Amino acid sequence: MNTTTRSAHWLDALRTQLWPLPALAVALAVVLGIALPALDSAVDGELPDSVTVFLFSGGPEAARAVLQAISGSLITVTSLTFSLTVVTLQLASSQFSPRLLRTFTSDRFVHGTLALFLAAFAFSLTVLRSVRDEGNGNTAFVPEISVTVAYALAMASVVGLVLFLAHLTREIRVETMMSRVNVETQETMDRVFPQDRPALLPQPFPASGSFPIRASSSGFLTSYVQGELLQAAKDAGAVLRIDREPGSSLVQGVPFATAWPVAPGATFTAEVREKLTKDTNAAVATGYERTNVQDVGFGFRQLVDVAARALSPGINDPTTAVHVIGHLSALLCRLAERNPGPEHLVDDDGRVRVVLSHPGMQVFLSLAMDQPRQYGAADPAVAARLLRLLHELAWCDRTGRYRAEIVDHLGRMRNAIGSAHYSSPERKNLMDLADSIAKVILM
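Residues numbered from 1 in each chain as written. Predicted model: local features only at pLDDT ≥ 70, side-chain atom pairs only at ≥ 80, totals over all residues. Heavy atoms only, no water.

The name an unreviewed UniProt entry assigns to the chain is DUF2254 domain-containing protein, from the organism Pseudarthrobacter scleromae.

Written out as structure tokens, the structure reads:
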């Protein structure tokens, strides 16, 4: 990641807000509502009949009635749309997971629908002020083009409302949400763990003269700019290690990184320490919630939350949990083709200057397995799907790099199956499945 990471951070922040696109649409609509009547006045009476036949042909009173009806109805429809969006957010938060709210608030279709409704309202209201009756020294003026455009925007809003309702009913389905989280996590995985990512280098350890770097603000570590961290390490003559992974919680005043001199036996002056601390904090972005910018584990966390909520006694929906485990398996198999783990940044001489903490396969596998196993091991279908997840990951791990992790979780599954209250046939089927996975691992 380079300086584009900072722009990606801000773009992600804007993408998950409901207001930017509607606010821009309102501003453009007001400008158009002022400029288009001026164009109407300039070309009044000069348009050919082949064009005017499609334009509004009523008088001032009719124009006011149309514009008032459009603006009044559209603000009502906008309120309805916003209310439905809020209800959907509440449903996603209470029934699935609060961490899925970002998925809804980043929905571009919702942004576009609200922008269309508010733009049509603002445009109609702005054009309404330019309609004039004859009298008091004024000539009657009806902005025919502008009223026609307002009518077209109203018709487009009607179509947009129908499409929005259809879109909303599709978005609140748990399958749709899981699919979107899966896609977003794959995109994050491609950024953080690309296919051409080199194999992990030996981990450097702090030398004498090391000192901790304290966080200047509290929040979740959302991203860091690699180029700025590398430059900070070069300027200070240091090796810099970020000890917290994206998605970790930082607390102001608590160390989150470690630095030590690159030259053996060297020491840092107080000024160098202060500058390195300042530069490191400036290259690290924090926020009040986790994001998908560099946090691969966030997608896993969202999916596991849905599975845990589905397995709770109040909902008791093991089928949804089984579907979630399928998505987790797909992500783990994709991750097995990469080299997850810490990333090293080197200087021009090939020396490691910055160590960025990223989770390894053990972390992701535990995240995907632990809570579903704990909450769902009593259900044979959930237990069988967790075993098949290990089976699928064993097949995708062509080099055997993660064999130890798979064997470890297979043992945990055997223990969970052994202590669960199954019938004898169910227990035998699950144990047979575990034995078949063990054979695949040993191949």
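Caption draft 1: Summary view of the sheet that holds strand β2 (residues 219–224). Spatial ordering of the open sheet is given by β4-β2-β6, a layout of three strands whose pairing is antiparallel. Two strands in the sheet have a free side with no partner beyond their single neighbour: β4 (249–250) and β6 (284–287). By the bridge criterion, four bridges tie β2 to β6 in an arrangement that is antiparallel. Bridging across to β6, S223 finds its partner in A285. (Pairing = 2+ DSSP bridges. Helix = DSSP H or I, 4+ residues; strand = E, 2+ residues; numbered from the N terminus.)

Caption draft 2: Representation of a nonpolar patch on the surface. A cluster of nonpolar side chains, L11, L14 and W19, forms an exposed patch at the surface whose accessible area comes to about 360 Å². Overall, the relative accessible area of 54% leaves W19 in the exposed class. (Patch = residues over 30% accessible without salt bridge, like charges linked within 9 Å, V, L, I, M, F, W, Y side chains within 5 Å. Areas by Shrake-Rupley, 256 points an atom, 1.4 Å probe, with all protein chains shown as cover. Salt bridge = Lys/Arg side-chain N within 4 Å of Asp/Glu carboxyl O. Buried < 20%, exposed > 50% of the residue type's maximum accessible area, 1.4 Å probe, protein only.)

Caption draft 3: Region of the structure containing the UniProt feature "transmembrane region" (unreviewed entry) in the chain. The UniProt feature table records "transmembrane region" (unreviewed entry) at residues 21–39, 65–89, 109–128 and 148–168. With 100% helix and 0% strand, the stretch residues 65–89 has end C-alpha atoms that lie 36 Å from each other. End-to-end, the C-alpha atoms of residues 148–168 are 30 Å apart, and along that stretch the chain is 100% helix and 0% strand. (UniProt positions renumbered as here; feature names shortened; annotations may be inferred.)

Caption draft 4: Spatial organisation of the side chain of R290. Following the sequence through the fold, R290 ends up in the loop between β6 and α11 (296–310). One polar contact links R290 to D295, side chain to side chain, over a distance of 2.7 Å. Ignoring sequence-local partners within four residues, the contact set of R290 consists of R102, F220, G247, D295, G297, F298 and R301. (Polar contact = N/O pair within 3.5 Å; in protein donor to acceptor, adjacent residues only side chain to side chain. Contact = heavy atoms within 4.5 Å.)

Caption draft 5: Spotlight on the nonpolar core. Formed by 55 residues in total, the largest nonpolar core has its most connected members in F300, L328, L332, L387, L389, L390 and M413. Mapped onto this core, the elements with two or more residues apiece are α4 (60–96), α8 (174–192), α11, α12 (318–336), α13 (361–376), α14 (380–396), α15 (403–419) and α16 (424–442). When sequence neighbours within four positions are dropped, the list of residues in contact with L387 reads L410, M413, I417, L430, L433, A434 and I437. If you look at the next biggest cluster of nonpolar residues, it comprises 25 residues, including L55, L67, A154 and L161. (Core = buried A, V, L, I, M, F, W, Y, C linked by side-chain atoms within 4.5 Å.)

Caption draft 6: Just the packing of helix α9 (residues 226–236) against helix α10 (residues 270–282), in detail. At a minimum axis distance of 9 Å, the contact between α9 and α10 shows a crossing angle of 175 degrees. Our classification of the angle between α9 and α10 gives roughly antiparallel. Taken together, the residues of α10 that come into contact with α9 (itself represented by E228, L229, A232, A233, D235 and A236) are V272, K275, L276, D279, T280 and A282. Of the residues belonging to the contact of α9 with α10, the class tally is seven nonpolar, one polar and four charged. (Axes fitted to C-alpha atoms, helices over the stretch in contact; angles between N-to-C directions. Parallel < 35°, antiparallel > 145°, perpendicular 65-115°, else oblique. Nonpolar A, V, L, I, M, F, W, Y, C, P; charged D, E, K, R; others polar.)

Caption draft 7: Molecular detail of the sheet that holds strand β5 (residues 255–261). Taking strand neighbours across the sheet as the criterion, the five strands line up as β1-β5-β3-β8-β7 in an open arrangement whose pairing is mixed. Pairing within the sheet leaves two strands with one partner each, and these edge strands are β1 (211–214) and β7 (343–346). Neighbouring strand axes in the sheet, compared pairwise and without regard to direction, differ in orientation by 25 degrees on average. Pairing geometry for strand β3 (residues 238–242) and β5, over five bridges, is antiparallel. The residue of β5 that forms the bridge with R241 is T258. Each of β3, β7 and β8 (352–356) is contacted by α9, which is oriented at about 140 degrees to β8, the strand it contacts most.

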